[in-house]
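# An overview of the molecular structure
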Amino acid sequence: MSKRIALVTGGTGGIGSEICRTLAQKGHTVVANYLPALQSEAEAWLERMKGEGLDVHIAAGDVSSFQSCADMVQDVEARIGPIDILVNCAGITRDKTLRKMEESQWRDVININLGSVFNVTRQVVEGMTSRGFGRIVNISSVNGQKGQFGQANYSAAKAGMHGFTMAVAQETAAKGVTVNTVSPGYTATAMTEAMPEDVRNAIVAQIPAGRMGSPEDVAFAVAMLCDEQAGYITGANLPVNGGLFTSF
Ligand code: CAA
C-alpha cells in the first residue's frame, strides 16, 4: 500500500479522531484540521495520538471560510506534502423546529456543514486530478437521507453534501479521483450525547441493530473507500446506520 497524506476536517472531534487513527494505522500520514480557537485542545489531542505511535499532525482552519481553507491547505502542503485523501468531517448541530429556528442557526449549519465541503475540496481537487490519484469522502448523515424532526438546517446541509459528491465524482472519475459519501446513523459521540436523553432513547429504540454506532464503525467505512483498491467506487453513498434507514 502506498503511504498517502490525508487531511481530515473536524479531525479532533468524535468521529474525526477515529478516522484519523484508522487512516494512520493503515500507514498514512494524517493531518487533523481544527478550529483555530481550539488550539490548546488540539495540541493535547496531538500529544495523545503521538503517544499511540501514530504519524499525525494538526492544522488550524475555519472550514466555513474559503480564505482560511486556502491558507490551511497551503500550509499543510508546504509543511507536510500534497494531500491525496480528504475527509470532510467537520460539522455541527443547531437543532430547533423550523418555526423557532433563528436565521443564524440555519446559516451556521449550512456554512459549516455544507459550505465547508466546497471551501476545502476546492483547494485540493486540482492537485489530486493533476497527480492522477485522490480519495474524497464526505461525512453526511442518515438525517440527510430521511430528514429529522428538529433538523431542517442539518438535514438540508447533509443532503446537499451528497449532491456535491455525485457531481464532483463525475468531474473527477477519469483522473483517478473518487468522491463518495458516508452517512452515519446515530453514533456515540458528544454530538448525540448533547441530545435530550428521552429523544435519544426513543431513536435508539428504533435502530434494528439495537445499539448506536461507534466511531470505529464509521472509520472502517471511510478507510475502505480511501483504499487504493476502491478506485471504481465513486459517487456512492455508504450508510453506516445499523439499519435505521434502508434504501437503494
Ligand atoms: N415527531 C413528531 N413530533 C415530535 C417529535 C418527532 N420526532 N419530536 C418532538 N415532537 C413534538 C413534541 O412532542 C412536542 O409536541 P407538543 O408541542 O404537542 O408537546 C413538540 O414536537 C415540540 O416542538 P417544539 O417546537 O417545542 O420543539 P423544540 O423547538 O423544543 O425542539 C427538538 C425540540 C430540539 C427538535 C428536540 O425534539 C430534539 O432535540 N430532537 C432531536 C433531533 C435530533 O435527532 N438530532 C440529532 C442530533 S445528532 C446528529 O445530528 C448526528 C447525526 O447525524 C445522526
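About the criteria used
Residues numbered from 1 in each chain as written. Predicted model: local features only at pLDDT ≥ 70, side-chain atom pairs only at ≥ 80, totals over all residues. Heavy atoms only, no water. UniProt positions renumbered as here; feature names shortened; annotations may be inferred. Helix = DSSP H or I, 4+ residues; strand = E, 2+ residues; numbered from the N terminus. Expected span 1.5 Å × (residues − 1). Bend = angle between axes of the 7 residues up to and from the residue. Axes fitted to C-alpha atoms, helices over the stretch in contact; angles between N-to-C directions. Parallel < 35°, antiparallel > 145°, perpendicular 65-115°, else oblique. Left-handed = near helix turned anticlockwise from the far one by under 90°. Contact = heavy atoms within 4.5 Å. Nonpolar A, V, L, I, M, F, W, Y, C, P; charged D, E, K, R; others polar.

## Digging into the UniProt feature "domain: Ketoreductase" (unreviewed entry) in the protein
- The sites that UniProt annotates as "domain: Ketoreductase" (unreviewed entry) are residues 4-189.
- Across residues 4-189, helical content stands at 51% and strand content at 18%; the span's end C-alpha atoms are separated by 27 Å.

## Details of helix H4 (residues 103-131)
- Relative to the 42 Å expected for 29 residues at 1.5 Å per residue, H4 spans 41 Å between its end C-alpha atoms, a close match to the ideal helical length.
- In the structure, H4 departs most strongly from a straight axis at glycine 115, where the bend amounts to approximately 45°.
- Just beyond H4, the residue with positive phi is glycine 132, at close to 80°.

## Concerning the packing of H4 against helix H6 (residues 152-172)
- Across the interface, H4 lies against H6 with an axial gap of 8 Å and an inter-helix angle of 15°. It follows from the interaxial angle that H4 and H6 lie roughly parallel. In terms of crossing hand, the pair formed by H4 and H6 is right-handed. Contact residues: H4 offers Gln105, Trp106, Val109, Ile110, Asn113, Leu114, Val117, Phe118, Thr121, Val125 and Thr129, while H6 offers Ala152, Asn153, Tyr154, Ala156, Ala157, Lys158, Gly160, Met161, Phe164 and Thr172.
- Here the residues of the contact of H4 with H6 sort into 13 nonpolar, seven polar and one charged.

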